[in-house]
Structure formats: C-alpha cells, structure tokens
Amino acid sequence: MEQTRRAVLTLGAGVALGAALPAGAARAAAPGGGGEAVRRLRALEREYGARVGAYARDTGTGRTVLYRADELFPMCSVFKAPAAAAVMRDLDRDGEFLARRIHYTQGDVTAAGGGSVTERPENIAGGLTVAELCSAAIAQSDNCAANLLLRELGGPTAITRFCRSVGDRTTRLDRWEPELNSAEPSRVTDTTSPRAIARTYGRLVLGDALVPRHRELLTRWLVSNTTSDDRFRAGLPRDWVIGDKTGAGSYGTNNNVGIAWPPGRPPVELAVLTTKPDAAAPRENALVARAAEVLAAALT
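What counts, and where the lines are drawn
Residues numbered from 1 in each chain as written. Predicted model: local features only at pLDDT ≥ 70, side-chain atom pairs only at ≥ 80, totals over all residues. Heavy atoms only, no water. Helix = DSSP H or I, 4+ residues; strand = E, 2+ residues; numbered from the N terminus. Buried < 20%, exposed > 50% of the residue type's maximum accessible area, 1.4 Å probe, protein only. Contact = heavy atoms within 4.5 Å. Areas by Shrake-Rupley, 256 points an atom, 1.4 Å probe, with all protein chains shown as cover. 1 Å grid on protein atoms, 1.4 Å probe; cavity = no way out; pocket = protein on both sides within 12 Å on 5 of 7 lines; lining within 4 Å. Points joined across faces, edges and corners; volume = space filled by probe spheres on them. Nonpolar A, V, L, I, M, F, W, Y, C, P; charged D, E, K, R; others polar. Core = buried A, V, L, I, M, F, W, Y, C linked by side-chain atoms within 4.5 Å. Salt bridge = Lys/Arg side-chain N within 4 Å of Asp/Glu carboxyl O. pLDDT = per-residue confidence, 0-100. Axes fitted to C-alpha atoms, helices over the stretch in contact; angles between N-to-C directions. Parallel < 35°, antiparallel > 145°, perpendicular 65-115°, else oblique. Left-handed = near helix turned anticlockwise from the far one by under 90°.

A. Spatial organisation of the overall build of the protein. Each helix and strand counted, the protein has 12 helices and 11 strands in total. Buried positions account for 56% of the 300 residues belonging to the protein. Nonlocal contacts in the protein, meaning residues at least 24 apart in sequence, comprise 65% of its contacts between residues at least 6 apart. A total of about 12,000 Å² of accessible surface is found on the protein, and carbon and sulfur atoms cover 50% of it.

Rendered as structure tokens:
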C-alpha cells in the first residue's frame, strides 16, 4: 500500500484530444500514439481472430485511448471487485461485517466450479471471514468466494444495482458462477463495456464511492492479485504499480481491468476485454498483454 500511495502523485493538466474513426468501432486520443494505437489494436484483432475492446485514461491529463470502448463484452470475473466493494459499502456500515465468519459446504464449492481458497479442507471446516472471501475472490479469483459474497448481497442483480448507484449505466450481472461465463456473442446479460468497467474501477479505487478504509482494502486486494502475470503485468511497464482483476470464459473471452500507477505520474484507468466467435476458442493471455502494452505506449 505504501508503494501504491507513493504512486498517486499530481500531474499538471493536459489537453484531451480525440479522433473519430469509421463505423463507430474505435476512437483514440491523439497526438502521441493515439492513431498508432488504433492501428495496432486492429492488427491484434486480425492476428488473433478476436474482437478487442480497450479503454485507457490518464487521470492527470484526461488523455484517453478508446477502441470499441462502448461495445458490450462478457464480463466474467471482473465483477468480483465491484462485488467486494458492494459488500463493504452496503453491509459493513458498522465496521464489523467484514470480520463475520461465513460457513459453507463442499457442495457450495462444487456448484461454483471450484475455488483455490474455499476448497481447502480447513476452510470448509472452519469457514472464512467476509474480508477473507473478498480477498480470495479478487486476488485468487475464487468462484465460490464470489458466490458467497453474492449470497450476502441478495444475488447477482445486486451488482447491477451497485454499478448504477456509482454512475455505471452499462455493467450488469444476472447469473452466478460459473454460468455467468458462458459468454455467447449475442448475450446482453452479464456484460459490460471497456469504458464502463474501467470508469467504475476508477470510481471505486480513486474516487469517493467508498469510504477511505474500504477504498484502501479494495486497493490492497487488487494490487495483490495473482492472476494477471501473463496479462496486464506482462504488458505494462515493470515499474508501474498495478491493481487489477482478470476474467475469462467461453468463446475465448479473456479480460483484464484495473488501475495502474506509473512512477511520478497520476494513475491510469485501464480495461482490455477480448472475445472470439467460436465457443471452444482458446483464451489468449498474450493478446491481453500486447493490447495493454499498446495502451501504455499511447499514453506515454
């Protein structure tokens, strides 16, 4: 957390610029790499046979890179950070809810499709605190932990309501793990857009949607994420502090969303969402990493 705080520095205001592109598919900030970013992202789509959505915003200058930024993509596990935020904001008002111990069964783990933390015998026997479930859902992408958080909130649609309450009119969750990862191209349920989800993460981590103690916890869990080593953490500069969440599903769906703190600069909001037309298509971590590299270069 101290490294994260040191990364949150002030930068002078810059000029927000934009360039429109045909068919409404892509737009990018310019000059300094915006048009080149669009060309490179289009090339990645062709190379991987994928649809790529990307959004990056320098919170200091307002400079933005957009590519299919308002198209819908399957959300998959990137809902888990907003889920933890909703639990903290709406259920931890007395400061004690996060310490509450939640008991569950092996059946809960199996129904969720597993969970690297929740499946441990000692945790099934003794339960986990709500804070431990939040950490597991974000840092380990534990499906059962996420379902248990949704259960406390009253179900998946609580995430939709939470997103609306923080100004996100696009992101929606309708199903539980693991069904929410089916990712059919025609589906509008369980979806988000690159711009919507990146801005929501920004409001949660950098804004005032959460009280400071909850914001610090969420940031800590995101920075400790273990699932993006081959995605954002492979594509972004090594000296950037990264707090992020991944997601993956059928149709080659592979996502990464988060906040990055470049040294000596204000933070950057980032989202890369990818999907393919074939249900059995492989997920391409390298595609997400290379798209993140393009976004970082365009904002440098």
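Past the structure itself, the notes keep going.
B. Local environment of the layout of surface pockets. Each pocket or cavity is described by its volume, and for the second largest pocket that value is around 150 Å³. Along the wall of the second largest pocket there are 14 residues; nearest its centre are Arg51, Leu72, Glu184, Pro185 and Thr275. Of the residues belonging to the lining of the second largest pocket, the class tally is seven nonpolar, three polar and four charged.

C. Representation of empty space enclosed by the protein in the model. Applying the stated criterion to the full structure yields one cavity of 30 Å³ or more. Looking at the largest cavity, its volume works out to about 30 Å³. Every residue lining the largest cavity is listed: Pro74, Arg175, Leu180, Ala183, Glu184, Arg187, Thr189, Asp190 and Thr191. Class assignment for the residues of the lining of the largest cavity results in three nonpolar, two polar and four charged.

D. Main features of the nonpolar core. Counting residues in hydrophobic clusters, the biggest one holds 60 residues, and the most contacted among them are Phe79, Val130, Tyr201 and Leu218. Within the residue set of this core, elements represented by two or more residues are helix 3 (80-91), helix 6 (130-139), helix 7 (143-153), helix 8 (157-165), helix 9 (194-205), helix 10 (212-223), strand 10 (254-261) and strand 11 (268-275). When near neighbours in sequence (up to four residues on either side) are disregarded, Phe79 contacts Ala146, Leu150, Leu173, Glu177 and Leu180. Counting 28 residues, the second-largest nonpolar core is a separate cluster that includes Val38, Ala50, Val268 and Val294.

E. Geometry of the pattern of salt bridges. Summed over the entire model, instances satisfying the criterion amount to 17 salt bridges. The salt bridge partner of Arg290 is Glu47, with a shortest N-O separation of 2.8 Å. With Arg290 in helix 12 (residues 285-299) and Glu47 in helix 2 (residues 34-48), this residue pair connects regions lying 243 residues apart in the sequence. Using a relative accessible area of 32% as the deciding quantity, one classes Arg290 as partly exposed. Note that Asp90 is salt-bridged to Arg89, the shortest N-O span being 2.7 Å. Asp90 gets classed as partly exposed once you look at its relative accessible area, which sits at 26%. Within the structure, one salt-bridge network assembled from shared partners comprises Glu45, Arg51, Arg68 and Glu71.

F. Structural view of the confidence of the model for the protein. Per-residue pLDDT for the protein has a mean of 90; in total, 89% of the residues score no lower than 70. Below a pLDDT of 50 lies the segment residues 1-33, which in the model reaches 73 contacts outside its immediate sequence neighbourhood of four places, other chains included.

G. Representation of the side chain of Glu45. With respect to the helices, strands and loops of the structure, Glu45 is situated in helix 2. Relative accessible area serves as the criterion here: at 10%, Glu45 is assigned to the buried category. Ignoring sequence-local partners within four residues, the contact set of Glu45 consists of Ala50, Arg51, Val52, Tyr67 and Arg68.

H. Here's a closer look at unusual backbone geometry. Looking along the chain, the bond that leaves Glu177 and enters Pro178 is cis, with omega of 0°. Structurally, Pro178 can be placed in the loop between helix 8 and strand 8 (191-192). Backbone geometry at Arg68 places phi at a positive 50°, although glycine is not the residue there. Relative to the assigned elements, Arg68 resides in the loop between strand 4 (64-67) and strand 5 (73-74). Positioned with a positive phi, Ala183 is a non-glycine residue whose angle comes to about 60°. Topologically, Ala183 is positioned in the loop between helix 8 and strand 8. What makes Ala183 buried here is its relative accessible area of 3%.

I. Spotlight on the packing of helix 3 against helix 10. The N-to-C vectors of helix 3 and helix 10 enclose an angle of 155°; their axes lie 10 Å apart at closest approach. By the angle class used here, helix 3 and helix 10 are roughly antiparallel. The hand of the helix 3/helix 10 crossing is right-handed. Packed against helix 3, whose contacting residues are Ala81, Ala84, Ala85, Met88 and Arg89, the element helix 10 presents His214, Leu217, Leu218, Trp221 and Leu222 at the interface. Among the residues forming the contact of helix 3 with helix 10, the class breakdown is eight nonpolar, one polar and one charged.

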